[in-house]
Amino acid sequence: MRRIAGGDFTMGATGWYPEESPLRQVRVDDFWIDETPVTNREFARFVAETGHVTLAEIAPDPRDYPGMKPELAVPGALVFTPTRGPVPLTHYHLWWRFVPGADWRHPQGPGSNLDALDLWDHPVVQVAWADAAAFAKWAGKALPTEAEHEYAARGGLEGRDFAWGDELAPEGRMLANYWQGEFPHHNSAADGWAGTSPVRFYPANGHGLFDMIGNVWEWTQDWWQDRPSPARKRQPGACCTIENPRGGQLWGSFDPAQPQVKIGRKVLKGGSHLCAVNHCQRFRPAARHPEMIDTATTHIGFRCVIRA
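Residues numbered from 1 in each chain as written. Predicted model: local features only at pLDDT ≥ 70, side-chain atom pairs only at ≥ 80, totals over all residues. Heavy atoms only, no water.

A.B. asks: Which parts of the structure should I look at to understand the side chain of T220?
C.D. replies: Positionally, T220 belongs in strand 7 (residues 217-223). T220 sits in the buried class, given a relative accessible area of 0%. Here D222 takes part through its backbone nitrogen, which lies 3.4 Å from a polar atom of the side chain of T220. A polar contact of 2.8 Å, which involves the side chain of T220, links it to the backbone oxygen of V267. Once residues within four sequence positions are removed from consideration, T220 is found in contact with W129, L143, P144, T145, E146, K266, V267 and K269. (Helix = DSSP H or I, 4+ residues; strand = E, 2+ residues; numbered from the N terminus. Buried < 20%, exposed > 50% of the residue type's maximum accessible area, 1.4 Å probe, protein only. Polar contact = N/O pair within 3.5 Å; in protein donor to acceptor, adjacent residues only side chain to side chain. Contact = heavy atoms within 4.5 Å.)

Written as structure tokens, this is what we have:
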């Protein structure tokens, strides 16, 4: 782990996605954070010592999902599958498919495994929020807040678009694992990784942290809210700093597009190997995304913190 000295920073961004604004002054206390996302090797030790069964390994209860097709009420998870050619980028169902038997040991489905794919030092995926929280508790740690994650991801840089400056690929160098080409059908994978990459493969940021951007999205502690709350000013024109923000409320995190499903959404941070220039440009510290806590996919992982 690395110790991050607390301090003030400008959280959020403008000019990218609306949910990242407004800009706000935030202060976080000192904390320690894992140098890398939790790997399959580390997660396997947790499972061996606790017997933990992940959510993807348990059949969902149809009562929680009105209208669920009976054939989907089996253990499994979401697996990314490239399309054969260009498709409308609003039709996410064209590249995501539910695969029975997909779980952290078999991230692509029953025919895949960590040994065959040499994934032991890659970030663990196919973990829902409760799985990440259970690991953190076992390790004597916690999941980071959105503010802690963003502060750490910036690596000490203030007001920059990316964790390393204002250019995505300075002098053509790939500094994080993101999609290289036209999403979702063509990934040139010039760096050799069409999916996840081993932790520490790309350079560390200014805090000595790896994969804070790209590779896998990371679960945080905070409930999602569409627009983060600005600081409350005691008087007009006053400057106010938000101290250690903790996100929204469960009830406010429900997806308005699916009113029949009352499952909370947490904030994901950091982007993943599926973020592309032509789609989901969230390979930035300020980027954020909502995800239902029951979701397990091939591009979501996590790391932990200890608060001083």
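Back to the write-up after that little detour.
A.B. asks: Help me understand the pattern of salt bridges, please; the structure alone is not making it clear to me.
C.D. replies: Opposite charge on two side chains permits them to pair, given that their charged atoms come into close proximity. A complete count under the given rule lists 19 salt bridges for this structure. The partner of E150 in a salt bridge is R154, and the shortest N-O contact between them spans 2.9 Å. An identical accessibility class is assigned to E150 and R154; each is buried. Each member of the salt-bridge network shares a partner with another, and the members are E146, E150, R154, K269 and R288. (Salt bridge = Lys/Arg side-chain N within 4 Å of Asp/Glu carboxyl O.)

A.B. asks: When you look at the packing of aromatic side chains in this model, what are you seeing that I'm missing?
C.D. replies: By the definition in use, this model includes 20 aromatic pairs. Seen from their ring centres, W16 and F162 are 6.1 Å apart, and the 75° between their planes marks the pair as edge-to-face. Residue W16 is found in the loop between strand 2 (7-11) and strand 3 (24-28), and its partner F162 is found in the loop between helix 4 (146-153) and strand 7; the two are separated by 146 residues along the sequence. Taking the relative accessible area as the measure of exposure, W16 reaches 27% and is therefore partly exposed. Taken together, a centroid distance of 5.6 Å and an interplanar angle of 80° make the contact between F80 and W179 edge-to-face. Taken together, the residues span a long stretch of sequence, with F80 in strand 5 (residues 76-80) and W179 in the loop between helix 4 and strand 7 at a distance of 99 residues. Residues F80 and W179 agree in their burial class; the two are buried. Here the aromatic residues F43, F46, W104, F135, W138 and F302 are joined through ring pairs into a cluster of three or more. Over the aromatic face of W129 sits the side chain of K266, whose NZ or CZ is 4.4 Å from the ring centroid. The aromatic ring of Y17 is capped on one face by R282, whose charged end is 3.8 Å from the ring centroid. (Phe/Tyr/Trp six-rings, centres within 6.5 Å; stacked < 30°, edge-to-face > 60°. Lys NZ or Arg CZ within 6 Å of the ring centre and 35° of its normal.)

A.B. asks: Help me understand the nonpolar core, please; the structure alone is not making it clear to me.
C.D. replies: A general feature of soluble globular proteins is that nonpolar side chains tend to end up buried together. Grouped together as the largest cluster of nonpolar side chains are 45 residues, with contacts concentrated most on F31, I33, F43, W219 and F302. At the level of secondary structure, the elements contributing two or more residues to this core comprise strand 2, strand 3, strand 4 (31-33), helix 1 (40-50), helix 3 (129-138), helix 4 and strand 7. Not counting residues up to four positions away in its chain, the partners in contact with I33 are M1, R2, I4, A152, L209, M212, R303, C304 and V305. Among the nonpolar cores identified, the runner-up in size contains 7 residues, and F80, W95, L274 and A276 belong to it. (Core = buried A, V, L, I, M, F, W, Y, C linked by side-chain atoms within 4.5 Å.)

A.B. asks: What is the right way to read the pairing of strand 7 from this model?
C.D. replies: Each regular strand displays side chains that alternate between the two surfaces of the sheet. Among the 7 residues of strand 7, 5 are classified as buried, and the element is accordingly described as predominantly covered. The sheet contact formed by strand 7 and strand 11 (residues 300-301) spans 2 bridges and is parallel. Of the residues in strand 11, the one forming a bridge with W217 is I300. Bridge count between strand 7 and strand 9 (residues 265-269): 3 bridges; the pairing is antiparallel. Bridging from a neighbouring strand, E218 pairs with K269 of strand 9. (Pairing = 2+ DSSP bridges.)

A.B. asks: Honestly, the environment of M212 in this entry has me stumped. Any pointers?
C.D. replies: Inspection of the secondary structure assignment puts M212 in the loop between helix 4 and strand 7. C-alpha separation for the pair M212 and E150, spaced 62 residues apart in sequence, amounts to 8.7 Å. Look past the residues within four positions of M212 in its chain and what remains in contact with it is I33, H149, A152, A153, N205, G270 and R303.

A.B. asks: Whenever I open this one, helix 3 confuses me. Can you help?
C.D. replies: Spacing of three or four residues puts side chains on the same side of an α-helix, whose turn is 3.6 residues. Buried within helix 3 we find W129, D131, A132, F135 and A136. In a view along the axis of helix 3, the buried residues occupy a sector of 165°, so they form one face of it. Taken from the residues just after helix 3, G140 is the one with a positive phi, measuring 75°. (Arc of directions from axis to C-beta.)

A.B. asks: I keep staring at the sheet that holds strand 1 (residues 2-4) and nothing clicks. Help me out?
C.D. replies: Across the sheet, 3 strands lie side by side as 1-4-12; this open sheet has antiparallel pairing. The open sheet terminates on both sides in strands that have one partner only, identified here as strand 1 and strand 12 (305-307). Between one strand and the next, the sheet's axes are offset by a mean angle of 25°, whatever the strand orientation. By the bridge criterion, 3 bridges tie strand 1 to strand 4 in an arrangement that is antiparallel. (Axes fitted to C-alpha atoms, helices over the stretch in contact; angles between N-to-C directions.)

That is the geometry; function is a separate question.
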